[in-house]
Amino acid sequence: MFSPETYLARRNALRKEVKSGLILLPGNTEAAFNYPANPYLFRQDSNFSYFFGLDHPDLVGVIDLDNGVDYIFGNDIDIDDIIWMGPQPSMTKLAESVAVKNTATSGQLAEFLSNAIHKSRQLHFVPFYRGETILLMSHLLGLNPLRIKDYVSMELVKAIVKLRSIKSELEIAEIEKAVDIAYLMFTTGMKMAKAGVKEQEIVGAMEGISIAHGRPVSFPIILSINGQILHNHHHENYLKEGRMLVMDGGTESKLLYASDITRTVPVGGKFNQRQKEIYEIVLKANLNSIAATRPGTFYKDCHTVACETIASGLKELGLMKGDVKEAVVAGAHALFLPHGLGHMLGMDVHDMEGLGQINVGYDEEIQPSTQFGTAYLRMGRRLQPGFVITNEPGIYFIPELIDIWKSENKFPEFINYQKVDEYRDFGGIRIEDDILVTADSCRVLGKPIPKSVAEVEATMGM
Ligand code: GLY
Ligand code: MN
Ligand code: MN
């Protein structure tokens, strides 16, 4: 855990952003896998963890803005718990470790909240995403579980987004630890990517490295020789020479900060000419948009840099044609890149997405695009020092999408469908790094993971 003062400082910073009332931050409960006594590995709620730090189930944090007091509600364990789990610190000790002086039992929370409601005090809470939390909070607040989202405090949502968006040195160090573990996951995956190996074997090896370093993967690994399917969790294929293998994964640090990395490699370790040509375009899109990443720039503009690099590269190969800038404004590049350049990264892989993506990636200055492809850009707003974002351009040949666009003769001035047809069996390529926006530019976080053609081939040949 971070120091008690870190959590106190975060709660005090939140106090400055939300005027009055009570802030309710329920932590997560255990979630049943297939029956109650067999839960998934416990994962704390990120907002609770950010402000109250404790990695235990069944706790609720309360920040009383009017009286300057913080509470943690939760129960001390009893002898039955000790028999099964061993001795645990008392609630008072746990609370001390995050600089909270007031504790009360879970049972007392009902009375505490009922008093607050009786006095018409303002109650602030964020959208809940787990059924258990929705039911508990609906019950405690006397609200219909299906309508509780209507009572979310936008004042609190905006305040949390403001604070969590700027990563401290301590948080950046945690993300870098997660990237450094990803280095091991990905270099292992690269070395295993030989013809005849099953995708699932590589997934297992990569997940094993994550677990061996303390935490599970930060999201289910995406790994496929059918990388044109963006989030492909089907891992039953055997690797074949001539295919590109997309590997998209990450881990969590012990304090729950994520990495999110993608590398795409040729099965067998040597790029053929066609693979190399497409790969170099994606790499250039990654590098050009990283070079454009600095404070004050809209991330949407970095996305455009990546799109233009891809359109320009595909034009050189004869798959696209016409004016590159016009093609991107029209959205023609989205046949090959139907998603956004990236998203915020932090305690959540898509950081704070539970608070509403629009509240994280957009603001009064910029609203999401409605254009196919760019509409999936999760982060469009102006960058600030301390933001951590992903940079993940790609080129995909999605036969079903090609067929639809071709049948509609979409953008004939920008797309050479005859040439595109030659790539129908190509698959896809994505390259993803985790980037910190610094005072005047940006830097790629963590130990550099092989990325150039030469680096990838050298690693795979080891
Ligand atoms: N891991 C999914 C993504 O890259 O957003
Ligand atoms: Mn990813
Ligand atoms: Mn990502």
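All figures in this text were calculated on a predicted structure; none of them were measured in a lab. (Residues numbered from 1 in each chain as written. Chains lettered and ligands numbered in written order. Predicted model: local features only at pLDDT ≥ 70, side-chain atom pairs only at ≥ 80, totals over all residues. Heavy atoms only, no water.)

## A few points about the overall build of the protein
No. 1: Across its full length, the protein holds 16 helices and 15 strands.
No. 2: Computed over its C-alpha atoms, the radius of gyration of the protein comes to 24 Å, within 12% of the 23 Å expected for a compact globule of 462 residues.
No. 3: Along the three orthogonal principal directions, the C-alpha set of the protein runs to about 70 × 50 × 40 Å.
No. 4: The 462 residues of the protein split such that 54% are buried.
No. 5: Sequence separation of 24 or more characterises 73% of the internal contacts of the protein that already satisfy a separation of 6 or more.
No. 6: With an accessible surface of roughly 19900 Å², the protein has 55% of that area assigned to carbon and sulfur atoms. (Helix = DSSP H or I, 4+ residues; strand = E, 2+ residues; numbered from the N terminus. Rg over C-alpha atoms; globule rule 2.2 N^0.38 Å. Buried < 20%, exposed > 50% of the residue type's maximum accessible area, 1.4 Å probe, protein only. Contact = heavy atoms within 4.5 Å. Areas by Shrake-Rupley, 256 points an atom, 1.4 Å probe, with all protein chains shown as cover.)

## Here we look at a nonpolar patch on the surface
No. 1: A cluster of nonpolar side chains, contributed by Ile79, Ile82, Ile83, Trp84 and Met85, occupies part of the molecular surface with about 620 Å² of accessible area.
No. 2: If you trace the backbone, Ile83 turns up in helix 3 (residues 79-85). (Patch = residues over 30% accessible without salt bridge, like charges linked within 9 Å, V, L, I, M, F, W, Y side chains within 5 Å. Salt bridge = Lys/Arg side-chain N within 4 Å of Asp/Glu carboxyl O.)

## A closer look at the confidence of the model for the protein
No. 1: Looking at the protein as a whole, its pLDDT mean stands at 97, while 100% of the residues score no less than 70.
No. 2: Per-element confidence in the protein ranges from a low mean pLDDT of 92 for helix 3 to a high of 99 for strand 14 (residues 433-437). (pLDDT = per-residue confidence, 0-100.)

## Looking at the packing of aromatic side chains
No. 1: Counted under the stated rule, the structure contains 17 aromatic pairs.
No. 2: For the pair Phe48 and Phe52, a centre-to-centre distance of 5.5 Å together with 25 degrees between the ring planes defines the contact as stacked. Taken together, the residues Phe48 and Phe52, both in helix 2 (residues 46-52) and four residues apart, mark about one turn of the helix. For the pair Phe48 and Phe52, a shared accessibility class is recorded, and that class is buried. (Phe/Tyr/Trp six-rings, centres within 6.5 Å; stacked < 30°, edge-to-face > 60°.)

## A short note on the pairing of strand 2 (residues 32-35)
No. 1: Bridging between strand 2 and strand 3 (residues 38-39) involves two bridges; their strand directions are antiparallel. Looking at the pairing, Tyr35 lines up with Asn38 of strand 3.
No. 2: Hairpin connection between strand 2 and strand 3: a loop of two residues separates the two successive antiparallel strands. (Pairing = 2+ DSSP bridges.)

## Notes on the environment of His213
No. 1: Residue position: His213 is located in the loop between helix 9 (199-212) and strand 8 (222-224).
No. 2: Expressed as a C-alpha distance, the spacing of His213 and Ser253, which sit 40 residues apart in the sequence, is 8.4 Å.
No. 3: Ignoring anything within four residues of it in the chain, the contact list for His213 reads Ile181, Leu184 and Lys254.
No. 4: At 2.8 Å, the side chain of His213 and the backbone oxygen of Ile209 are in polar contact. (Polar contact = N/O pair within 3.5 Å; in protein donor to acceptor, adjacent residues only side chain to side chain.)

## Section: unusual backbone geometry
No. 1: In this model, Ser120 sits at a positive phi of 55 degrees, which is unusual for a non-glycine residue.
No. 2: Counting through the fold element by element, Ser120 comes out in the loop between helix 5 (106-118) and strand 7 (123-124).

## Observations concerning the site of ligand 1
No. 1: Residues in contact with ligand 1, as listed here, are Phe219, His231, Asp248, Asp260, His343, His350, Glu392 and Glu432.
No. 2: Between ligand 1 and the protein, one listed contact pairs an oxygen atom with a side-chain N or O atom of His343 at 3.1 Å.
No. 3: Glu392 places a side-chain nitrogen or oxygen 2.9 Å from an oxygen atom of ligand 1.
No. 4: Taken by itself ligand 1 offers 190 Å² of open surface, and the protein chains cover 94% of this.
No. 5: For the shell around ligand 1, a count of residues per class yields one nonpolar, three polar and four charged. (Near = heavy atom within 4 Å. Nonpolar A, V, L, I, M, F, W, Y, C, P; charged D, E, K, R; others polar.)

## So, the coordination of the manganese ion (ligand 3)
No. 1: Coordination of the manganese ion (ligand 3) by the protein is provided by Asp260 (OD), His343 (NE2), Glu392 (OE) and Glu432 (OE), with metal-donor distances spanning 2.1 to 2.2 Å.
No. 2: Seen from the manganese ion (ligand 3), its six donor atoms lie at angles of 49 to 157 degrees, and the figure they make is irregular.
No. 3: Taken as a pair, the manganese ion (ligand 3) and the manganese ion (ligand 2) show a spacing of 3.2 Å, with Asp260 coordinating each metal. With Asp260 in the loop between strand 9 (244-249) and strand 10 (261-266) and His343 in the loop between helix 12 (324-330) and helix 13 (357-361), this pair connects stretches of sequence that are 83 residues apart.
No. 4: Using a relative accessible area of 3% as the deciding quantity, one classes Asp260 as buried.
No. 5: Relative accessible area serves as the criterion here: at 4%, His343 is assigned to the buried category. (Donors = N, O, S within 2.8 Å, 3.2 Å for Na, K, Ca; no water. Tetrahedral: all angles 85-135°; square planar, octahedral: opposite > 155°, others 65-115°.)

## Describing the coordination of the manganese ion (ligand 2)
No. 1: Within the first shell, the manganese ion (ligand 2) binds the protein through Asp248 (OD), Asp248 (OD), Asp260 (OD) and Glu432 (OE), at distances of 2.0 to 2.7 Å.
No. 2: Geometry at the manganese ion (ligand 2) is irregular, judged from the six donor atoms that bind it and their angles of 52 to 163 degrees at the metal.
No. 3: Each donor residue of the manganese ion (ligand 2) belongs to the same chain, with the gaps between them written as D-x11-D-x171-E.

## A closer look at helix 11 (residues 299-316)
No. 1: With 18 residues, helix 11 extends 26 Å between its outermost C-alpha atoms, agreeing within 8% with the 26 Å of an ideal straight helix rising 1.5 Å per residue.
No. 2: Here helix 11 has its buried residues at Tyr299, Cys302, His303, Ala306, Cys307, Glu308, Thr309, Ile310, Ala311, Gly313 and Leu314.
No. 3: On its buried face, helix 11 sits against helix 10 (273-291), helix 12, strand 11 (388-391) and strand 12 (394-396).
No. 4: One or two positions beyond helix 11, positive phi appears at Gly318, with a value near 90 degrees. (Expected span 1.5 Å × (residues − 1).)

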